[in-house]
Amino acid sequence: MKLGIVGLPNVGKSTLFNAITQAGAESANYPFCTIEPNVGIVAVPDERLDKLAQMYAPEKVTPATIEFVDIAGLVKGASKGEGLGNKFLSHIREVDAIVHVVRCFEDENIVHVEGSIGPLRDIETINLELIFADLEVIERRIDKTKKMLKSGDKKYLQELDVLEQIKSVLEEGKPARSISLNEEQLELIKEFSLLTMKPVLYAANVSEEDFVNGIENNQLVSDLKQFANSENSEVLPISAKIEEEIAELNFEEKKEFLADLGLTQSGLDRLIQASYKLLGLISFLTAGPSEVRAWTIRKGTKAPEAAGKIHSDFEKGFIRAEVVSFNDLIKCGSYNMAKENGLVRLEGKEYIVQDGDVILFRFNV
């Protein structure tokens, strides 16, 4: 999973990236300090792996991972190449989802590219640039599709209908994701990699004081939530400054620090959970003496496709999957005991893998 962290310059974007990845991207009080996208790979926290490791004592434990990409700050005119616009748009096209950092705190020592704090205005600035870029793609494709219609292939008629729908919405200043499209229609436009089709999570960057004392009185966050509801997006309040402090602590210090703040999870943990939900992702597990590992798949994935995440041969030669739920396995204390109690199931090609399934795939190539 690849998440692009975007936002106007100086909203706390790179500070948040540094904190959650500890990758050391330069952060400074001026626009465009992040010229090339910085990339950080983060392990997905999963207590189930620790418990399986106690049971199997494996040679190694491998968590699922998320790739965060810190993308250069955007300004008005990006879709026309202003600032670092072309680079911004090309990098964002490659990610699965967007984490849009929005500044919801006042600080006279940190300049704002627009001269004042206005989360909804900032969102509109970025959204419009993405919409303009998508409109250019859509209009070019419509011209091409109209020419292809002469071939008589009905596929192009369907494609044109979807493209016209999207163009109409974009011209209203709304993102393409605001249209409800079925799977067949989504497949028709998949290759265009429309920027405004990507799911968005708004990270409301608040001050330490607001985050600790409660964000109920932060009107900027309230306005942001109302806006997000209107476009079926999510808002995650987070304090980049607190995350920066947490990043410098060891495990025990981190637990103590969070407890002192009345928190049970870091912002990174909450961000990962929200991202999984946003993209409809789950994890299944494999366990044995050589390795305990978590694998990320989309909800609704069938067993052979899940097996293919491990190795393409597993999918090609899939025979069956031996499945036990994580909770049942832990209750029984061992795989053999789970088997004796009839809790290990044999599942075929149509089985839809569930979150927390511990699976042994049988295959033959």
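Heads up: the structure comes first, above all this text.
Residues numbered from 1 in each chain as written. Predicted model: local features only at pLDDT ≥ 70, side-chain atom pairs only at ≥ 80, totals over all residues. Heavy atoms only, no water.

When helices and strands are tallied, the protein chain shows 15 helices and twelve strands. Buried positions account for 49% of the 365 residues belonging to the protein chain. Summarising the internal contacts of the protein chain: among those between residues at least 6 apart in sequence, 68% fall at separations of at least 24. Accessible area of the protein chain: about 18500 Å², with a carbon and sulfur share of 47%. (Helix = DSSP H or I, 4+ residues; strand = E, 2+ residues; numbered from the N terminus. Buried < 20%, exposed > 50% of the residue type's maximum accessible area, 1.4 Å probe, protein only. Contact = heavy atoms within 4.5 Å. Areas by Shrake-Rupley, 256 points an atom, 1.4 Å probe, with all protein chains shown as cover.)

This brings us to empty space enclosed by the protein. For the structure on display, the rule yields one cavity of 30 Å³ or more. Of the volumes computed, that of the largest cavity is approximately 40 Å³. Around the largest cavity, the lining residues are I98, H100, I126, N127, L130, R177, L195, T196 and V200. Of all the secondary structure elements, the ones that give two or more residues to the lining of the largest cavity are strand 5 (97–103) and helix 4 (119–148). Counting residues per element, the lining of the largest cavity draws most heavily on helix 4, which supplies three residues. Tallied by class, the residues present in the lining of the largest cavity amount to five nonpolar, three polar and one charged. (1 Å grid on protein atoms, 1.4 Å probe; cavity = no way out; pocket = protein on both sides within 12 Å on 5 of 7 lines; lining within 4 Å. Points joined across faces, edges and corners; volume = space filled by probe spheres on them. Nonpolar A, V, L, I, M, F, W, Y, C, P; charged D, E, K, R; others polar.)

Another point: the packing of helix 4 against helix 5 (residues 154–171). Across the interface, helix 4 lies against helix 5 with an axial gap of 9 Å and an inter-helix angle of 155°. By the angle between their axes, helix 4 is roughly antiparallel relative to helix 5. Considering how the two elements wind past one another, helix 4 and helix 5 form a crossing that is left-handed. Taken together, the residues of helix 5 that come into contact with helix 4 (itself represented by I131, D134, L135, I138, E139, R141, I142, T145, K146 and M148) are Y156, E159, L160, L163, E164, I166, K167, L170 and E171. (Axes fitted to C-alpha atoms, helices over the stretch in contact; angles between N-to-C directions. Parallel < 35°, antiparallel > 145°, perpendicular 65-115°, else oblique. Left-handed = near helix turned anticlockwise from the far one by under 90°.)

Relative to the elements of secondary structure, K198 occurs in the loop between helix 6 (183–189) and strand 6 (200–205). Here the side chain of K198 touches R93 through a polar contact of 3.2 Å, landing on its backbone oxygen. Other than its neighbours up to four places away in sequence, K198 contacts I92, R93, V95, D96, I98 and R177. (Polar contact = N/O pair within 3.5 Å; in protein donor to acceptor, adjacent residues only side chain to side chain.)

Tallied over the entire structure, the rule returns five aromatic pairs. For the ring pair Y202 and F227, a centre distance of 6.0 Å and an interplane angle of 65° mean the geometry is edge-to-face. Here Y202 is found in strand 6, whereas its partner F227 is found in helix 8 (residues 219–230), with 25 residues between them in sequence. Above the plane of the ring of F105 lies R103, whose end atom (NZ or CZ) is 4.6 Å from the centre. For the cation-ring pair, R293 lies above W295, with the distance from its terminal atom to the ring centre recorded as 4.0 Å. (Phe/Tyr/Trp six-rings, centres within 6.5 Å; stacked < 30°, edge-to-face > 60°. Lys NZ or Arg CZ within 6 Å of the ring centre and 35° of its normal.)

Within helix 9 (residues 240–247) the residues assigned to the buried category are A240, I242, E243, I246 and A247. When helix 9 is viewed along its axis, its buried side chains cluster within an angular range of 155° and face the same direction. Where the residues of helix 9 are buried, they touch helix 1 (13–21), strand 6, helix 7 (208–213), strand 7 (234–238), helix 10 (251–260) and helix 11 (267–279). (Arc of directions from axis to C-beta.)

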